[in-house]
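# Residue-level structure breakdown
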Amino acid sequence: MTAPIPTAGQQPVTAADVELLRQMLRVRRFEERCVELYSSTKIRGFMHLYIGEEAVATGVVSCLGPDDAVVATYREHGHALVRGVPARSIMAEMFGRVEGCSRGRGGSMHLFDASTRFYGGNAIVGGGLPVAVGLALGDRMQGRDRVTACFFGEGAVAEGEFHESLNLAALWRLPVLFCCENNLYAMGTALELSESQPSLALKAAAYEVPAWTVDGMDVLEVRRAAAMAVEATRAGHGPHFLELQTYRFRAHSMYDPERYRDKGEVAHWRERDPIEALTGRLRAEGLVDDDVLAAMEQEVAAEVDDAVAFAEAGSDEPVEDLTRFVTSEDQR
Amino acid sequence: MRTTYRDAMRAALRQALADDPRVFLMGEDVGRYGGCFAVSLGLLEEFGPERVRDTPLSESAFVGAGVGAAMAGMRPIVEIMTVNFSLLALDQIVNNAATILHMSGGQFNVPLVIRMTTGAGRQLAAQHSHSLEGWYAHVPGLRVLAPATVEDARGMLAPALADPDPVIIFEHGSLYAMEGDLPDDTRPVELDHAAVRRPGRDLTLVTYGGCLPKVLAAADALSAEGVEAEVIDLRTLRPLDDDTLAESVARTHRAVVVDEGWRTGGLSAEVAARISEQCFWDLDAPVGRVGSAEVPIPYAKHMEEAALPQVDDVVAAALEAVS
């Protein structure tokens, strides 16, 4: 069932795609500010940046409806932002503030938001996949027309939970869109050093899950593939699998000295920067110009400034609340 | 009404499935096979394959699917064959089910019930016989139940399903065939209190689950020797009912904890510590403990029996405590 995604040549770019650029830029500028805030110790703990991979979350999430669900990993600032979790509450979370989207209990790796059906922020590699299968099962059993998009890195493919989850979702024909963000390295271990069969789509195909390999640096390609996969998944054709080939430009986390890859490789991928690529195409078609881009930068910077100010002004959760929500307060 | 523990559990499942369309049962061999211990026999025929779901041998995936389905508004009952197998799903139980509510700042509760067998006594050897419920009782965010009577087997499921948070029910394999009386007007039981199964004045024997019949037998033997033991069935292993323990030991001044788990770092250690913390000045003797030998449970019958707490062991520990 694995087939190359139908090619339609390079996707035409339209005025509506300016919004994709704006979303990617939000993620990029938000995270660039996070680096500064980490250096100034406002943000602590593990922090994993999505810089370079913005086209993946932006393209996929743009195809979801408001009732669909998202399950993401610990590298999820971008997914949360483009899903509509307010930048303020994400930044406040990373500051450990009670105004954060998880009350400061989760931090960078555990963003949760019920109002956008954003189910984390999962820091056990592969651990989110069974949960996504269950969300889809629950939706299906209640007759709801919803899709669960589950993001995970290619490192998760080595986990048993990946195989168990694909099998179960396919067996029960559940509406899960498995989005494998293949950035080539599981922390510092290259795919070919950990997989006897490095073709990820083949693994999905083994479970009868239709699988497409997509250029994850081209947001228009990502959106095109995701739109088809979401539609087929929602229509009841069972789970679908996208391998999104991408690259993180920055280190794995703030502690990573990057001994496992050479600078030339990073430089090569940086030439394929998804934001620059889309900007170039929009410019070429006359859909944006310097003024539009400057205004967009200004608007995004204002949003990030506002998020930081909100987080700075936030409050600490009272220590008396430490044991709140170990169990539910509302004993339904 | 006279019934078995197994039939009582099945009646509870049947009623839960009939009462609430959000409830469904899934696990290995719960449907066509009828449950590996025949607990769910007939439920597939009655409720159909949507609500009684046979799963692949994928403990992590189907427990995690229970977590997700619970968050999506269902009330899943997930059956795991034995606590030994549940280790394959430990990630989903500990890192997700028990954690998500707190880690999400109270946004996502997980109303999931997980049932599994525990314990030894049937010559199933080391990979089917351990008592690891104490590990789960260690984890904040979980409620851990151990029905030891037919009435609790019948009555604990409904309140477990009504709980907005994850509940694990441990069914000791040796209890399924046990018979007992069930009141005709079956009602949910409460889960917050330990039960005094036998009143006594001379010492308190604390136990739960599969050890309860042994401890009651030991109490009878002690009575014949003039020692009246009070027997407390913990029923809920997390959160523990400190008050019932303290009230009893304040009267009897002596306590022995009987637990099929290993003693080192085990549930009996926790209970003994709590008794010491709460009742130190009431105690007339050190808190005693009876647990399994610190070995993987062996197959050969005489070796398995030697590894497990037996009635004579409980009697000996009780006599030492009152000597």
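So, how was this worked out
- Residues numbered from 1 in each chain as written.
- Chains lettered and ligands numbered in written order.
- Predicted model: local features only at pLDDT ≥ 70, side-chain atom pairs only at ≥ 80, totals over all residues.
- Heavy atoms only, no water.
- Domains from an automatic or database assignment.
- Contact = heavy atoms within 4.5 Å.
- Buried area = accessible area lost by both parts, 1.4 Å probe.
- Salt bridge = Lys/Arg side-chain N within 4 Å of Asp/Glu carboxyl O.
- Polar contact = N/O pair within 3.5 Å; in protein donor to acceptor, adjacent residues only side chain to side chain.
- Helix = DSSP H or I, 4+ residues; strand = E, 2+ residues; numbered from the N terminus.
- Nonpolar A, V, L, I, M, F, W, Y, C, P; charged D, E, K, R; others polar.
- Pairing = 2+ DSSP bridges.
- Axes fitted to C-alpha atoms, helices over the stretch in contact; angles between N-to-C directions.
- Buried < 20%, exposed > 50% of the residue type's maximum accessible area, 1.4 Å probe, protein only.
- Right-handed = clockwise from strand over helix to strand, strands pointing away.

## Concerning the domain arrangement of chain B
All names here are of chain B. Under the domain assignment, chain B is made up of domain 1 (2-181) and domain 2 (195-322). Computed from C-alpha coordinates alone, the two centres of domain 1 and domain 2 are separated by 26 Å. Between domain 1 and domain 2, the residue contacts involve 32 residues of the former and 24 residues of the latter. Surface buried jointly by domain 1 and domain 2 totals about 2100 Å² across both partners, of which 57% is contributed by carbon and sulfur atoms. Our enumeration of links across domain 1 and domain 2 arrives at two salt bridges. Here Arg-235 and Asp-152 are joined by a salt bridge, their closest N and O atoms 2.7 Å apart. On inspection of domain 1 and its partner domain 2, the count reaches 17 residue pairs in polar contact (both at pLDDT 80 or more). At the level of secondary structure, the elements contributing two or more residues to the side of domain 1 that touches domain 2 comprise helix H7 (133-137) and strand E6 (143-145). The class makeup of the residues in the side of domain 1 that touches domain 2 is 17 nonpolar, 11 polar and four charged.

## Comments concerning the interface of chain A and chain B
The partner chain B presents 40 residues to the 42 residues of chain A that form the contact. Roughly 3200 Å² of surface becomes buried between chain A and chain B when both sides are summed, with 63% attributable to carbon and sulfur atoms. Taken together, chain A and chain B are joined by zero salt bridges. The interface formed by chain A and chain B contains 17 residue pairs in polar contact (both at pLDDT 80 or more). Of all the secondary-structure elements, those providing two or more residues to the side of chain A that touches chain B are strand E2 (118-122), helix H5 (128-141) and helix H6 (160-171) of chain A. The residue makeup of the side of chain A that touches chain B, split by class, is 18 nonpolar, 14 polar and 10 charged.

## Comments concerning the sheet that holds strand E7 (residues 211-215) of chain A
Residues and elements named next belong to chain A. The strand order across the open sheet formed by six strands is E2-E1-E3-E4-E8-E7, and the pairing between neighbours is parallel. Looking at which strands have only one partner, the edges of the open sheet turn out to be E2 and E7. Here the strands of the sheet are splayed against their neighbours by 15° on average, with no regard to which way each runs. Of the pairings in the sheet, the one linking strand E1 (residues 69-73) to E2 comprises three bridges and is parallel in character. In the strand pairing of E2, Val-70 is matched with Phe-118. Its contacts with the sheet put helix H9 (residues 219-234) on strand E4 (176-182), E7 and strand E8 (240-245), and the angle it makes with E7 is roughly 160°.

## Observations regarding unusual backbone geometry
Cis geometry marks the peptide bond from Gly120(A) to Gly121(A), where omega comes out at 20°. Omega for the peptide link from Arg238(B) to Pro239(B) comes to -5°, which places this bond in the cis form. Here Pro239(B) lies in the loop between strand E12 (236-238) and helix H11 (242-252). The residue Leu184(A) is not glycine, and still its phi comes out positive at about 80°. Its identity is not glycine, yet Gln123(B) carries a phi of approximately 55°, on the positive side. Take Gln123(B): it is sitting in the loop between strand E5 (113-118) and H7. With relative accessibility at 28%, the residue Gln123(B) sits in the partly exposed group.

## Focus on the pairing of strand E13 (residues 255-262) of chain B
Residues and elements named next belong to chain B. Judged by how many residues are buried, E13 sits mostly within the fold: seven of eight residues are covered. Examined bridge by bridge, strand E10 (residues 203-207) and E13 share three bridges and lie parallel to one another. Paired with Val-206 across the bridge in E13 is Val-257. In this structure, E13 lies alongside strand E14 (residues 288-292), joined through four bridges in parallel fashion. From the neighbouring strand, Val-256 faces E14, where its bridge partner is Gly-288. Since E13 and E14 lie parallel, the crossover through helix H12 (residues 267-279) that links them has a hand, and here it is right-handed.

## Quick look at the pattern of salt bridges
Working definition: two side chains of opposite charge can pair if their charged atoms are close together. Residue and element names in this part refer to chain A. Tallied over the entire structure, the rule returns 49 salt bridges over all chains. Where Arg-146 meets Asp-139, a salt bridge forms, and the shortest distance between an N and an O atom there is 3.3 Å. An identical accessibility class is assigned to Arg-146 and Asp-139; each is buried.

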